[in-house]
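Chain by chain, the residues:
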Amino acid sequence: FPVENIRNFSIIAHVDHGKSTLADRLLEITNTISKNVRNLQVLDRLQVERERGITVKAQTASLFYNYNDEVYLLNLVDTPGHVDFNYEVSRSLSACQGVILLVDANQGVQAQTVANFYLAFESNLTILPVMNKIDLKVAKPDVVLKQLKNIFDIKPEDVLKVSAKNGTGVEELLRAVVEKIPPPPADLAKPFRGLMFDSWYDQYKGAVANVAICDGVVRKGDKIQSCNTKKTYEVQELGIMHPTEVPTGVLFAGQVGYIIANMKNVNEAQVGDTLCHDGTSVEPLPGFKPARAMVFAGVYPSDHTEFSALRNALNRLTLNDSSVSVHVDHSPALGQGWRLGFLGLLHMDVFNQRLEQEYDASVIVTAPNVPYKARVFGAKNLKKYGGEEVTILNPCHLPDPHVVKEYLEPMVIGTILFPDQYLSSVMNLCMERRGEQVDQVYIDDTRLMFKVILPLSEIVVDFFDDLKSITSGFASFDYEDHGYQVADLVKVNILLNSRDVEELTLICHRARARVTSKQVCSKLKETIPRQLFKISIQAAVGSKFIAREDIPALKKDVLAKCYGGDISRKMKLLKRQAEGKKRMRKIGNIDVPKDAFIKVLKR
Ligand code: GTP
């Protein structure tokens with residue numbers, strides 16, 4: 001394929017603005033999928049994506065498009081829209097020269113529109129602004145055009161108007177992709193060089209890598225090498241996604257395709273790695289910033305016998321999602337497990353759901369925490385912690401106050417877009433969450449854009465839910481990393497019948513300790529069922545108790561109700577009780593429901 005006839009592009013948008021629907025239309029118009037097949041949202045392949053209606057994993061598809069009697073190869077890289085998955089967006093963009101910036105004609109510019117625009121802009125990509133859903137009766141094209149002008153300086157006449165739902169304007173959009181987005185800067189004559197921008201695990205084929213070929217040619221049977229690990233592989237299969245794997249035997253500079261080369265595990269198929277021919281020395285392509293985990297949680301098998309099955313599932317899933325960081329961990333009550341780092345709470349939920357759905361693994365997840373830091377002093381402590389600055393992934397490892405100069409907490413800078421009638425509620429919410437407002441501008445006559453610096457710990461759990469509810473669903477939110485700030489932190493221990501339960505330990509701001517502890521104790525009281533003995537739930541900072549709840553003992557046994565002797569009824573009750581037990585975990589002699597560990601932090 002002549003490089004001049006290749007276009008690599010991506011669709012970026014706020015959640016629900018219609019990326020997947022538009023991608024389906026593009027696939028249909030180019031006959032990549034048939035119109036008759038009702039397999040809507042072809043690129044959203046994962047079960048979780050279909051269920052939740054969100055794109056989690058970026059997917060790529062190659063389309064053939066006839067333009068002025070010439071065939072063009074359009075490589076569409078689908079990207080997720082949720083704030084947790086920005087990392088996937090920036091990765092996808094590294095394989096592109098242009099983007100379609102999709103904005104809903106009714107909802108207008110939202111927080112992720114802003115974030116995604118800047119990701120594309122800073123990567124010097126050609127941006128095609130597109131207004132979607134113009135078929136809607138409630139569309140407000142003039143307001144949206146004004147927002148695009150105000151925020152991004154996009155001229156109204158440059159904005160294409162489409163309806164991804166019924167296809168209006170989509171053909172024009174494809175023409176614009178060919179006309180406006182430049183072909184990839186590729187050199188066929190140079191030695192082969194490819195950027196691995198994604199990888200996933202296929203049950204039958206093993207690791208599959210998505211590669212953007214920057215220079216040269218790669219063929220089936222070639223010996224290739226990873227610039228990062230220096231390991232060599234033989235290319236067993238390669239080709240394009242059309243829309244699923246179609247072997248082509250060869251990939252040329254400028255193309256985007258997949259390569260299968262016997263890469264066995266996560267560490268071998270590292271996203272961001274450069275591939276080249278074995279024995280050649282090429283300059284590695286600029287990789288991308290490694291994803292920074294924002295939220296950590298312990299993950300344990302529900303049943304110890306499932307440990308190795310869970311380990312295999314984790315290995316495979318992390319191959320699909322390299323943004324999850326994995327550390328081996330151990331807990332007294334839950335045994336051998338892992339502490340996983342996620343980009344955000346949705347990311348964590350989705351990951352756990354995938355573990356259960358795709359790998360049939362039953363897991364216990366502990367309450368999430370953010371990566372706090374402590375600066376320790378004293379030669380002995382520097383040695384013990386391997387340096388002055390200690391990052392705490394597991395709250396029970398927080399160094400004691402008497403060896404700590406200061407504690408630090410991770411901060412974010414948030415962007416909130418909302419109608420100005422909710423101004424005071426939004427300001428109150430931000431203040432309540434220890435936020436500091438740094439900017440405020442109108443993007444049209446009634447909508448405000450807020451910039452606010454917030455502690456990450458204050459937003460991970462339910463900030464967005466609260467924001468949505470106080471603005472009747474009209475606010476959108478996105479955030480970026482904003483370094484660390486000194487904070488007055490304390491460790492709160494939770495005790496069940498005077499026994500410290502490490503898995504429930506949490507770190508919080510001193511000013512918050514009492515309120516949070518009360519919440520956690522009463523949440524536990526709600527989730528732990530009554531048992532044959534009394535249970536006390538206590539929260540303590542150091543040796544001082546700051547909250548307490550009691551669960552009274554249960555006297556009746558389950559069979560008491562069925563005096564007489566209907567044996568089948570008795571069996572049923574016992575069976576139900578046994579099933580209930582399966583969802584429990586013993587801590588000391590107390591049965592604690594599996595989901596208690598994660599529920600405790602929800603307000
Ligand atoms: P994520 O993958 O979660 O980021 O969402 P998305 O941007 O891919 O949105 P999706 O394509 O799933 O569309 C969201 C909703 O908008 C769906 O209910 C679509 O049917 C609807 N929708 C998409 N395009 C149009 C359009 O042109 N007109 C109308 N009326 N509805 C549309």
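What this report covers is the structure whose coordinates are included nearby. For every chain, the first residue of its written sequence is number 1, and the numbers climb from 1 along that sequence. Owing to the predicted nature of the model, reporting of local features is limited to residues with pLDDT of at least 70; listing and counting of side-chain atom pairs is limited to 80 or more, with chain, interface and lining totals taken over all residues. Hydrogens and water molecules were not included; the side-chain quantities draw on all heavy atoms of the structure.

## So, the pattern of salt bridges
Now for step 1: Here, a salt bridge means any side-chain nitrogen of Lys or Arg that lies within 4 Å of a carboxyl oxygen of Asp or Glu. Applying the stated criterion across every chain, the model contains 18 salt bridges.
Now for step 2: A salt bridge links Asp215 to Arg193; the nearest nitrogen and oxygen atoms lie 3.0 Å apart. One end of the pair, Asp215, is in strand E8 (residues 206-215); the other, Arg193, is in strand E7 (residues 193-202), and 22 residues separate them in sequence. Both residues of the pair, Asp215 and Arg193, belong to the buried class.
Now for step 3: Between Arg434 and Glu458 there is a salt bridge, with the nearest N and O atoms lying 2.9 Å from each other. Pair noted here: Arg434 is in the loop between helix H10 (423-432) and strand E24 (436-442) and Glu458 is in helix H11 (residues 456-459), with a separation of 24 residues, a long-range link. For helices the rule is a DSSP run of H or I covering at least 4 residues; for strands it is a run of E covering at least 2, with both sets numbered from the N terminus onward. Here's how the labels work: a residue is buried when its accessible area is under 20% of the maximum for its type, exposed when over 50%, partly exposed in between, all with a 1.4 Å probe on protein chains only.

## Topic: the sheet that holds E7
Now for step 1: In this scheme, strands are said to pair when DSSP sees at least two bridges between them. Across the sheet, which stays open at both edges, the eight strands sit in the order E11-E10-E16-E7-E8-E15-E12-E13 with antiparallel pairing between neighbours. In this open sheet, the two strands that pair with only one neighbour each are strand E11 (232-234) and strand E13 (245-247). Sheet twist, expressed as the mean angle between neighbouring strand axes with direction ignored, is 40°.
Now for step 2: One ladder, built from nine bridges, connects E7 with E8; its direction is antiparallel. Paired with Tyr201 across the strands is Ala207, a residue of E8. Axes here mean lines fitted to C-alpha atoms, for a helix over just the part in contact, with angles spanning 0 to 180 degrees between N-to-C directions.

## Digging into the sheet that holds strand E17 (residues 295-301)
Now for step 1: With antiparallel pairing, four strands are arranged side by side in an open sheet as E18-E19-E17-E20. Among the strands making up the open sheet, the edge pair consists of strand E18 (325-331) and strand E20 (363-365). Going across the sheet, the axis of each strand differs from the next one's by a mean of 30°, ignoring polarity.
Now for step 2: The strands touched by helix H8 (residues 345-359) within the sheet are E17, strand E19 (335-342) and E20, with E17 carrying the most contacts at an inclination of about 15°. By definition, residues are in contact when any of their heavy atoms lie within 4.5 Å.

## Notes on a nonpolar patch on the surface
Now for step 1: A patch consists of residues whose relative accessible area exceeds 30% and which take part in no salt bridge; residues with like charges are grouped when within 9 Å of each other, and nonpolar side chains (Val, Leu, Ile, Met, Phe, Trp, Tyr) when within 5 Å. The Shrake-Rupley method, run with a 1.4 Å probe sphere, supplies the accessible areas, and residue values consider only the shown protein chains as cover. A cluster of nonpolar residues, Phe1, Phe64 and Val71, forms a patch on the protein surface that exposes about 220 Å² of accessible area.
Now for step 2: What makes Phe64 partly exposed here is its relative accessible area of 32%.

## Some details on the nonpolar core
Now for step 1: Of all hydrophobic cores here, the largest spans 52 residues; its most connected members are Leu355 and Ile416.
Now for step 2: The element best represented in this core is strand E23 (residues 404-419), accounting for five residues.
Now for step 3: Each residue touching Ile416, except ones within four places of it in the same chain, is listed here: Val426, Cys430, Leu448, Met449, Phe450, Val452, Phe463, Leu467, Ala475, Ser476 and Phe477. Nonpolar cores are built from buried Ala, Val, Leu, Ile, Met, Phe, Trp, Tyr and Cys residues. Side-chain atoms within 4.5 Å join them into one set.

## Re the side chain of Ser517
Now for step 1: Relative to the elements of secondary structure, Ser517 occurs in helix H13 (residues 513-527).
Now for step 2: At 2.7 Å, the side chain of Ser517 and the backbone oxygen of Ala513 are in polar contact.
Now for step 3: Here Ser517 is in contact with Val492, Ala539, Ile546 and Ala547, once residues within four sequence places are set aside. Polar contacts, as used here, are pairs of N or O atoms within 3.5 Å; protein pairs need one atom able to donate a hydrogen and one able to accept it. Residues neighboring in sequence count only if both atoms are side-chain atoms.

## Points about the packing of aromatic side chains
Now for step 1: For this analysis, a ring pair means two rings from Phe, Tyr or Trp (six-membered ring only for Trp) whose centres lie within 6.5 Å, classed as stacked if their planes differ by under 30 degrees, edge-to-face if by over 60, and tilted for the remaining angles. All told, the structure shown has eleven aromatic pairs when counted by the stated rule.
Now for step 2: Clustering of aromatic rings is evident, with ring pairs tying together Phe117, Tyr118, Phe121 and Phe152.
Now for step 3: Cation over ring: Lys373 sits above Tyr484, and NZ or CZ is 4.2 Å from the ring centre. A positively charged side chain is recorded as over a ring if its NZ (Lys) or CZ (Arg) lies within 6 Å of the ring centre. The angle to the ring normal must also be within 35 degrees.

## Here's the deal with helix H5 (residues 141-152)
Now for step 1: Helix span, as expected, comes to 1.5 Å for every residue beyond the first. In a regular helix each residue adds 1.5 Å, so twelve residues correspond to 16 Å; H5 covers 16 Å between its end C-alpha atoms and thus fits that length.
Now for step 2: Of all the residues in H5, the buried ones are Val144, Leu145, Gln147, Leu148, Ile151 and Phe152. With its buried residues spanning 160° around the axis, H5 presents them on a single face.
Now for step 3: If you follow the buried residues of H5, they end up packed against strand E4 (98-104), helix H4 (111-122), strand E5 (126-132), strand E6 (160-161) and strand E25 (447-455).
Now for step 4: Count one or two residues on from H5 and you reach Asp153, which has phi positive near 60°. Each C-beta atom gives one direction from the helix axis, and the arc is the one those directions make.

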